[in-house]
Amino acid sequence: MAGIQKVTQATFKETVKDSSVPVLVDFWAEWCQPCLRMNPTLEELAQEMGEQATVAKVNVDEERGLGAMFQVMSIPALMVFKDGEKVAEFTGVQSKETLKSALDQLI
């Protein structure tokens, strides 16, 4: 299912922890300009990766528990999960190539 998935505390286990493919999770907020600049990049990445990986977003203002669980101190915080474990983390605006490379290594 291509496209970005919104993740909440209720859906995190199913979408991220139990995923059979790598998952890139973007921790973001609506007021964060760098986060908003990442949106087109993440949309493109979600389309390109298709079924090979999942791109998901967590709004840290709405899901404070998830932000705290992963010790998100600054946003955008982009975390890559494989088999339910965090295997990579990026902070700030990242290129599509950087994120795609991180996912490609796990496929």
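See the structure above.
Here's a quick rundown of the structure. Just so you know, the residues in each chain are numbered from 1, in the order the chain's sequence is written. Reporting of local features is limited, given that this is a predicted model, to residues whose pLDDT is at least 70; pairs of side-chain atoms are given and counted only at 80 or more, and all residues count toward the totals for whole chains, interfaces and linings. The basis for every side-chain value is the complete set of non-hydrogen atoms in the structure, without hydrogens or water.

Ring pairs (aromatic) are described by centroid distance and by the angle formed between their planes. Between the rings of Phe, Tyr and Trp (Trp by its six-membered ring), a pair exists once the centres lie within 6.5 Å; its type follows the angle of the planes, with under 30 degrees stacked, over 60 edge-to-face, and the other angles tilted. Scanning the model with the defined rule gives four aromatic pairs in all. When the ring of F12 is compared with that of F70, the centres are 5.3 Å apart and the planes differ by 45°; the resulting orientation is tilted. With a gap of 58 residues between them, F12 in helix α1 (residues 12-17) and F70 in the loop between α3 (64-69) and β4 (77-82) connect regions that are remote in the sequence. Three labels apply to residues, based on accessible area from a 1.4 Å probe with only protein chains included: buried if under 20% of the type maximum, exposed if over 50%, partly exposed otherwise in between. Judged by its relative accessible area of 4%, F12 falls in the buried class. An aromatic cluster is defined as three or more aromatic residues linked by ring pairs; in this entry it consists of F12, F27, F70 and F81. Counting from the N terminus, the helices are the DSSP runs of H or I reaching at least four residues and the strands are the DSSP runs of E reaching at least two.

This part takes up the sheet that holds strand β2 (residues 23-28). Hydrogen bonds between backbone atoms are what pair the strands of a sheet, whose relative direction is either parallel or antiparallel. Any two strands are treated as partners once DSSP identifies two or more bridges connecting them. One open sheet accounts for five strands, arranged β1-β3-β2-β4-β5; its pairing is mixed. Strands with a single pairing partner mark the edges of an open sheet, and in this sheet they are β1 (4-6) and β5 (85-91). Here the average twist between neighbouring strands, direction ignored, is 25°. The pairing of β4 with β5 spans six bridges and is antiparallel. When the sheet's bridge partners are listed, V80 is paired in β5 with A88. In this analysis, axes come from line fits to C-alpha atoms, helices being fitted only over the stretch in contact, and the angle between any two N-to-C directions falls in the range 0 to 180 degrees.

This paragraph deals with the state of the cysteines. By disulfide we mean two sulfur atoms from cysteines, separated by a distance within 2.5 Å. Under the criterion given, the structure shown has one disulfide. Two residues, C32 and C35, share a disulfide whose sulfurs are 2.4 Å apart. On the sign convention where negative means left-handed, the S-S torsion of about 80° between C32 and C35 marks this disulfide as right-handed. Neither C32 nor C35 differs from the other in exposure class; each is buried.

This brings us to the pairing of β2. Taking burial as the measure, the six residues of β2 include six buried ones, the bulk of the element. The definition of a right-handed crossover adopted here requires that, viewed with the strands pointing away, the path from the first strand over the helix to the second runs clockwise. As for the winding sense of the linkage, the β-α-β connection from β2 through helix α2 (residues 33-49) to strand β3 (residues 54-59) is right-handed. As defined by bridge partners, β2 adjoins β4 across five bridges and the pair is classed as antiparallel. Each residue of the ladder has a partner; that of F27, found in β4, is A77.

Purely geometric stuff here, so don't read any function into it on its own.
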